[in-house]
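A structural walkthrough
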Number of protein chains: 2
Amino acid sequence: MLTKTEERYLKAIYKINELWPSLVSTNALAHKVRTSAASVTDMIKKLAAKELVFYEPYKGVRLSAQGVAIATQLVRKHRLWETFLVQKLDFEWSEVHEIAQHLEHIPSEKLVQQLDRFLDYPKFDPHGDPIPNAEGKFTLREQLLLSRLEVGQSGTLVRVKSQQNDFLRHLDKLQISMGCTIHILERENYDQSMLIQIDNHHTVMLSKQISIMLFVRPA
Amino acid sequence: MLTKTEERYLKAIYKINELWPSLVSTNALAHKVRTSAASVTDMIKKLAAKELVFYEPYKGVRLSAQGVAIATQLVRKHRLWETFLVQKLDFEWSEVHEIAQHLEHIPSEKLVQQLDRFLDYPKFDPHGDPIPNAEGKFTLREQLLLSRLEVGQSGTLVRVKSQQNDFLRHLDKLQISMGCTIHILERENYDQSMLIQIDNHHTVMLSKQISIMLFVRPA
DNA sequence: AAATTTATTTAGATTCATCTAAATATTTTT
DNA sequence: AAAAATATTTAGATGAATCTAAATAAATTT
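Note that this is a predicted model, so its numbers are computed, not measured.

This paragraph deals with the packing of helix α4 (residues 65-87) of chain A against helix α6 (residues 109-118) of chain A. Two quantities define a packed helix pair, namely the angle between the axes and the distance from one axis to the other. Residue and element names in this part refer to chain A. Viewed as axis vectors pointing N to C, α4 and α6 meet at an angle of 40°, and their least axial separation amounts to 10 Å. On the basis of the axis angle, α4 is oblique to α6. Every pair of crossing elements has a handedness; the one defined by α4 and α6 is left-handed. Mapping the contact onto sequence places Arg76, Lys77, Leu80, Trp81 and Phe84 in α4 and Leu111, Val112, Gln113, Leu115, Asp116 and Phe118 in α6. When its residues are assigned to classes, the contact of α4 with α6 shows seven nonpolar, one polar and three charged.

Structure representation (structure tokens):
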């Protein structure tokens, strides 16, 4: 049985590796779990002793097959709970990440299974992230960074790249929500900001910073 | 902010005190939280320093008003989660206690509130235990130990006194479930066992041991 | 009331996850 | 390739929750 902390590290390694597929550095991991590099080294050794990661001192760490399996189940639980909180308990998408961080560590195979069934086996969570099934498999959708769309093109918002509270609440303010249609009206060359129209309705300026955080399915 | 362990102790004191309204002894508490008396003494001092309990060395411990408030909220969360697991996720009443032990420590005021709403403000959990509301108040129903009913009398099962897995599964086997009608047909004098009829249908022998674990509302 | 038994507390050690500071390895700059 | 900067590991300490063993207090028995 793993401690909550061990699970946190495994999932952090998984997530970093998802973005940057290579050995995960001690520092990157320390940043992700908000602790010191020294603590990370300690924990990595523990996980290596349990054969959940492969570790080469000074080089970095990567998950073993077993480590991947555990991390995937954590991601599954996290995303199912987020879906539950939004769909059933009327939470905002900006509120659920933190609570799901706790819920994902509740130990019960049956709980996840029944939750999945209760939600009718959702494939994506409120942020558009894919939900692994019981076997750890998940669907990848066609997706493209909004910043890559050309002027004149349109896309449907299918995923956001950050769960940060203030980022999501900013999107709320702009009335940008999952599934909305975004049409590119203009693009400024000097700062890559873009003028967009949302759901054929209102028009807003989007900074590059934001446009690289949104995934769309091109129309 | 309290640790999960501190919360466990507070709730344990609350529950022991509920059954035996007096100072809670170190040993009783040690037994309840399955640890040593020495550990309990340590923890009690910590809780006393936080003014959540009043502690007299060698005499015992009792909750302060603040301690009662926290314990009551834990009971509330525990019972709401149990209700959720049975009503929404199709768990058996014998399976939910352990999972709820974990869920009750998830920190989020809004989570409890929304869960309560989602369940439509239930007053009792699957074992018939009253669910405190957000203010900590709960309803007491008229209830009587089944063992106190006379031959010829009937009652409706409204509460069970234990959450133990094997006890509840034994009731399942006897087809005794919450809300069923129990009619006393005979009582043996030498061991206080009773012959009962359930829902005007099948007939079984109940040992005293079991009859003192069931609360009924007399018909 | 003294002796014995039982309950409780104290003392000292252990494990987990963390920290800071110092040492060492690696990478980058010059 | 040497120097400087950065990243990583080691060493030693800390706080939380636990343990065992020993000391002490309270309750019970004789």
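The next subject is the sheet that holds strand β6 (residues 194-198) of chain B. Residues and elements named next belong to chain B. Across the sheet, which stays open at both edges, the six strands sit in the order β3-β8-β4-β5-β6-β7 with antiparallel pairing between neighbours. Two strands lie at the open edges of the sheet, namely β3 (144-145) and β7 (202-206), each paired on one side alone. With five bridges joining them, strand β5 (residues 181-187) and β6 adopt antiparallel strand pairing. By the bridge assignment, His183 is partnered in β6 with Gln197.

With respect to the secondary-structure elements, B:Glu188 resides in the loop between β5 and β6. When the C-alpha atoms of B:Glu188 and B:Pro122 are compared, they prove to be 38 Å apart, with 66 residues separating the residues in sequence.

The subject of this paragraph is the sheet that holds strand β4 (residues 154-160) of chain A. All names here are of chain A. Spatial ordering of the open sheet is given by β3-β8-β4-β5-β6-β7, a layout of six strands whose pairing is antiparallel. With partners counted over all chains shown, the strands left at the sheet margins are β3 (144-145) and β7 (202-206), one partner each. In this sheet, strand β5 (residues 181-187) lies alongside β4 in antiparallel orientation, the contact comprising three bridges. Bridge pairing in β5 links Thr156 to Thr181.

A few words on the pattern of salt bridges. Under the counting rule described, the total for this entry stands at 16 salt bridges over all chains. For B:Lys50, the salt bridge is made with B:Glu6, and the minimal N-O distance between the two is 2.9 Å. Taken together, the residues B:Lys50 in the loop between α3 (37-49) and β1 (53-56) and B:Glu6 in helix α1 (residues 4-19) connect sequence positions 44 residues apart. A residue is classified by how much of its surface remains accessible, and B:Lys50, at 36% relative accessible area, is partly exposed. Between B:Arg76 and B:Asp116 there is a salt bridge; the shortest N-O distance is 3.1 Å. Residue B:Arg76 is found in helix α4 (residues 65-87), and its partner B:Asp116 is found in helix α6 (residues 109-118); the two are separated by 40 residues along the sequence. Per residue, the accessibility class of B:Arg76 equals that of B:Asp116, and both read buried. The structure contains a network of salt bridges with shared partners spanning A:Glu6, A:Lys46 and A:Lys50.

So, on to the relation of the copies chain A and chain B. In summary, the two copies of the chain are related to each other by a rotation about an axis coupled with a shift along it. Each copy superposes on the other: chain A lies on chain B with an RMSD of 0.1 Å after a rotation of 180° and an axial shift of 0.0 Å. What the rotation and shift describe, once combined, is the action of a two-fold rotation axis. For chain A, the minimum C-alpha distance to the rotation axis belongs to A:Leu103 and amounts to 3.8 Å. Take the interface residues of chain A: 100% of them recur as interface residues in chain B, which is what a same-surface contact looks like.

All names here are of chain A. Taken as a whole, this structure holds three cavities of 30 Å³ or more when the rule is applied. Estimates place the volume of the largest cavity at around 40 Å³. For the largest cavity, the full set of lining residues is Lys11, Lys15, Val75, His78, Arg79, Asp125, Asp129 and Gln163. Put simply, the parts of the chain that give the lining of the largest cavity at least two residues each are α1 (4-19) and α4. Tallying contributions element by element places α4 first for the lining of the largest cavity, with three residues. Looking at side-chain class alone, the lining of the largest cavity contains one nonpolar, two polar and five charged residues.

Below, the discussion takes up a positive patch on the surface. Together, A:Lys4, A:Arg8, B:Lys4 and B:Arg8 make up a positively charged patch on the protein surface. Summarising the element assignment, B:Lys4 is placed in helix α1.

Around DNA strand D sit 22 residues, and of these A:Lys45, A:Tyr55, B:Thr3, B:Thr35 and B:Lys46 come closest. In the environment of DNA strand D, a phosphate oxygen lies 2.3 Å from a nitrogen or oxygen atom belonging to the side chain of A:Lys45. Within the side chain of B:Arg8, a nitrogen or oxygen atom sits 3.1 Å from a phosphate oxygen of DNA strand D. Elements that contribute at least two residues to the surface near DNA strand D include exactly α2 (26-32) and α3 (37-49) of chain A together with α1 and α3 of chain B. For the surface near DNA strand D, the element with the most residues is α3(B), which contributes five residues. When the residues that make up the surface near DNA strand D are grouped by side-chain class, the tally is nine nonpolar, nine polar and four charged.

The next subject is the pairing of strand β8 (residues 214-218) of chain A. All names here are of chain A. Pairing of β3 with β8 involves two bridges; the strand directions are antiparallel. Bridged to Leu144 within β8 is Val216. As defined by bridge partners, β4 adjoins β8 across five bridges and the pair is classed as antiparallel. What sits directly across from Val160, in β8, is Leu214.

With that out of the way, let us pick up the protein's contact with DNA strand C. Residues in contact with DNA strand C amount to 22 residues; listed here are only the nearest, A:Thr3, A:Thr35, A:Lys46, B:Lys45 and B:Tyr55. In DNA strand C, the atoms that sit within 4 Å of the protein are 83% sugar and phosphate, with bases accounting for the remainder. A distance of 3.0 Å is found between a phosphate oxygen of DNA strand C and a backbone nitrogen or oxygen belonging to A:Ser36. A:Ser39 places a polar side-chain atom, nitrogen or oxygen, 2.7 Å from a phosphate oxygen of DNA strand C. Among the secondary structure elements, those contributing two or more residues to the surface near DNA strand C are α1 and α3 of chain A together with α2 (26-32) and α3 of chain B. It is α3(A) that contributes the most residues to the surface near DNA strand C, five residues altogether. Counted by class, the surface near DNA strand C contains nine nonpolar, nine polar and four charged residues.

Conventions used here
Residues numbered from 1 in each chain as written. Chains lettered and ligands numbered in written order. Predicted model: local features only at pLDDT ≥ 70, side-chain atom pairs only at ≥ 80, totals over all residues. Heavy atoms only, no water. Axes fitted to C-alpha atoms, helices over the stretch in contact; angles between N-to-C directions. Helix = DSSP H or I, 4+ residues; strand = E, 2+ residues; numbered from the N terminus. Parallel < 35°, antiparallel > 145°, perpendicular 65-115°, else oblique. Left-handed = near helix turned anticlockwise from the far one by under 90°. Contact = heavy atoms within 4.5 Å. Nonpolar A, V, L, I, M, F, W, Y, C, P; charged D, E, K, R; others polar. Pairing = 2+ DSSP bridges. Salt bridge = Lys/Arg side-chain N within 4 Å of Asp/Glu carboxyl O. Buried < 20%, exposed > 50% of the residue type's maximum accessible area, 1.4 Å probe, protein only. Least-squares fit on C-alpha atoms with pLDDT ≥ 70 in both. 1 Å grid on protein atoms, 1.4 Å probe; cavity = no way out; pocket = protein on both sides within 12 Å on 5 of 7 lines; lining within 4 Å. Points joined across faces, edges and corners; volume = space filled by probe spheres on them. Patch = residues over 30% accessible without salt bridge, like charges linked within 9 Å, V, L, I, M, F, W, Y side chains within 5 Å. Areas by Shrake-Rupley, 256 points an atom, 1.4 Å probe, with all protein chains shown as cover. Lys, Arg positive; Asp, Glu negative; His and termini not counted. Charge placed at Lys NZ, Arg CZ, Asp CG, Glu CD. Near = heavy atom within 4 Å. Polar contact = N/O pair within 3.5 Å; in protein donor to acceptor, adjacent residues only side chain to side chain.

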